[in-house]
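Examination of the molecular architecture
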Amino acid sequence: MSLHIPPQPEPVAVGRRRVVPLIDAAGDVLPPERLFPHLPAAELSRLLAEDGMRSPMVVTGFAILGGGKTILVDTCLGGRKQGKSGPFPGFTSRWMTTLAEAGIDPGAVDIVVNTHLHHDHVGWNTTDELEPTFPAARYLLAEKEYEHFAGGRIRHARRISECIVPVQKAGLLDLVTGVHRIDDAVRLLPAPGHTPGHLVVEISDGGRTAVIGGDLIHHPLQLSHPDISSSLCDDPGQAAVSRHRVLNDLADREGIFLATHLTRAGTVRRRGAGFTLHDSP
Ligand SMILES: [Zn+2]
């Protein structure tokens, strides 16, 4: 297993907003065999060959710029909290440098959205000293997600104590329910299944729409076969329902889809019983 930091993709324009992908890492951490262990090997090979897809997995956070606001969606892997080892031995996240190179000042971030509370989506919520990395921001996540991961027996999980509790103690955490509007162009929409409170982020401006899909999809084969959920999904059936709903809606509106673990964004079109992503606009 090895992780590296690839070149950053081009930003995506949505009306007056700009969605900037900020990749933290790429690598072979979760090969298809581990994502889809329930598929027979021969079937998995056939599905992968069908679309020629053996792309590496990436971990991406996104900035939504414009409209007088800086919004971050997911904060990737994080650093060596209090000197402890990082999430992957031998890998040092330089995501904060990637933010600086994109012109993003941590002190000027207005909103941080965590689509869900898995470790690769909350890492840079806090600094290595366990202070909120974005001290002027409101941090938003679904109340259901918080209750599931931070309210019960797993509230002492390392990622919760390191990445959520300090934000909450600083009074920066806002729990949202249902559809939540951030401003005239950006909404948070419930898309449960991967986790109970998983959110996607919709950006609509100037007659265009894009969705940052979090972990709605982990691998491109789930575009052409949207019924297939990954082994990481809490409720695979519900995850498939959410996947169909979001992708169908985008196909109707010629909308753009981006996701944490996909290497590229694209306009959603229907193909057979599934979907494809067409060239990034
Ligand atoms: Zn993830």
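Provided above is the structure to which this section pertains.
Below you will find a few notes about this structure. In this text, all values refer to a predicted model and were calculated from it rather than measured experimentally. (Residues numbered from 1 in each chain as written. Predicted model: local features only at pLDDT ≥ 70, side-chain atom pairs only at ≥ 80, totals over all residues.)

1. Focus: the nonpolar core
- Core analysis: the biggest nonpolar cluster contains 69 residues, and Val19, Val113, Val201, Phe257 and Leu258 have the highest contact counts within it.
- For this core, the leading source of residues is strand S3 (residues 17–27), giving six residues.
- Apart from residues lying up to four places away in sequence, Val19 is in contact with Pro11, Val12, Val14, Phe62, Ile64, Ile203, Ala210, Ile212 and Leu258. (Core = buried A, V, L, I, M, F, W, Y, C linked by C-beta atoms within 7 Å. Buried ≥ 20, exposed ≤ 12 C-beta atoms within 10 Å, placed from the backbone. Helix = DSSP H or I, 4+ residues; strand = E, 2+ residues; numbered from the N terminus. Contact = placed C-beta atoms within 7 Å.)

2. Quick notes on the sheet that holds strand S13 (residues 256–258)
- As summarised here, the arrangement of the seven strands in space is S9-S10-S11-S12-S13-S14-S15, forming an open sheet in which the pairing is mixed. The open sheet has two free edges, formed respectively by strand S9 (180–181) and strand S15 (274–278), since each of these has just one partner strand.
- As defined by bridge partners, strand S10 (residues 186–190) adjoins strand S11 (residues 199–205) across five bridges and the pair is classed as antiparallel. Bridging across to S11, Leu189 finds its partner in Val200.
- Lying over the sheet, helix H8 (residues 236–253) contacts S11, strand S12 (208–212), S13, strand S14 (266–271) and S15, oriented at roughly 100° with respect to S14. (Pairing = 2+ DSSP bridges. Axes fitted to C-alpha atoms, helices over the stretch in contact; angles between N-to-C directions.)

3. So, H8
- An ideal rise of 1.5 Å per residue puts 26 Å on 18 residues; H8 measures up with 26 Å between its terminal C-alpha atoms.
- The complete set of buried residues in H8 reads Ala239, Ser242, Arg243, Val246, Leu247 and Leu250. Buried residues in H8, looked at end-on, bunch into an arc of 115°, giving them a common side. Opposite the buried face of H8, at more than 90 degrees from it, the exposed residues are Gly237 and Asp252.
- On its buried face, H8 is in contact with S11, S12, helix H7 (221–224), S13, S14 and S15.
- Looking one or two places after H8, you find Glu254, whose phi comes out positive at around 50°. (Expected span 1.5 Å × (residues − 1). Arc of directions from axis to C-beta.)

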